[in-house]
Amino acid sequence: MKSPSGATAARPRLARLARLALAAACGAHRAGTVDPRAAAMVEVENQSFYDVTVYIVRSGLRTRLGTVQGSSTGVFEIPRTFVNPGLP
């Protein structure tokens with residue numbers, strides 16, 4: 001007998017959805033090789049009307065990356081010494 005809320009009919013659907021989510025989460029993910037010398041980039045989306053100056057901070061040292069004008073997007077390269085200080 002069905003419950004008045006229809007919860008019994010929703011259970012098989014919910015179970016299928018749970019199995020699908022589990023299968024997607026358990027799929028094979030292979031990480032590609034990463035070049036440690038590749039440039040690290042950051043994208044900044046300025047949704048304000050005012051210009052924004054972008055800084056990166058590490059160990060209390062502030063370095064200016066650049067400026068993003070209002071209502072626009074800027075892409076900046078993070079200096080290698082901030083990302084992987086062990087590389088030249």
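Structure first, text after, so check above.
Quick look at the structure, then. These figures come from a predicted structure and were not determined experimentally. (Residues numbered from 1 in each chain as written. Predicted model: local features only at pLDDT ≥ 70, side-chain atom pairs only at ≥ 80, totals over all residues. Heavy atoms only, no water.)

### Examining the overall build of the protein chain
Next up, step 1: Across its full length, the protein chain carries two helices and four strands.
Next up, step 2: For the protein chain, the N- to C-terminal ordering of α and β elements is α-β-β-β-β-α.
Next up, step 3: Within the protein chain, the fraction of its 88 residues that count as buried is 11%.
Next up, step 4: For the protein chain, the exposed surface amounts to about 7,500 Å²; the carbon and sulfur share of it is 57%. (Helix = DSSP H or I, 4+ residues; strand = E, 2+ residues; numbered from the N terminus. Buried < 20%, exposed > 50% of the residue type's maximum accessible area, 1.4 Å probe, protein only. Areas by Shrake-Rupley, 256 points an atom, 1.4 Å probe, with all protein chains shown as cover.)

### Topic: the nonpolar core
Next up, step 1: Counting residues in hydrophobic clusters, the biggest one holds seven residues: V54, I56, L65, V68, F76, I78 and F82.
Next up, step 2: For V68, the residues in contact, after removing those within four places along its chain, are V44, N46, Y50, D51, V52, V54, T73, G74 and F76. (Core = buried A, V, L, I, M, F, W, Y, C linked by side-chain atoms within 4.5 Å. Contact = heavy atoms within 4.5 Å.)

### Remarks on unusual backbone geometry
Next up, step 1: For S59, which is not glycine, the phi dihedral falls at a positive 55 degrees.
Next up, step 2: With respect to the element layout, S59 can be found in the loop between β2 (52-58) and β3 (61-68).
Next up, step 3: A positive phi angle, close to 55 degrees, is found at S71, a residue other than glycine.
Next up, step 4: By the element assignment, S71 lies in the loop between β3 and β4 (72-78).

### Some details on the packing of aromatic side chains
Next up, step 1: Within this structure, the stated rule accounts for zero aromatic pairs.
Next up, step 2: A cation over a ring is seen here: R62 above Y55, with NZ or CZ 4.2 Å from the ring centre. (Phe/Tyr/Trp six-rings, centres within 6.5 Å; stacked < 30°, edge-to-face > 60°. Lys NZ or Arg CZ within 6 Å of the ring centre and 35° of its normal.)

### Notes on the pairing of β2
Next up, step 1: As defined by bridge partners, β2 adjoins β3 across seven bridges and the pair is classed as antiparallel. Within β3, the residue paired with I56 across the bridge is T63. (Pairing = 2+ DSSP bridges.)

### Structural notes on the environment of I56
Next up, step 1: Along the chain, I56 turns up in strand β2.
Next up, step 2: The spatial distance from the C-alpha of I56 to the C-alpha of P79 is 9.3 Å, given a sequence separation of 23 residues.
Next up, step 3: Each residue touching I56, except ones within four places of it in the same chain, is listed here: L61, R62, T63, L65, I78 and F82.

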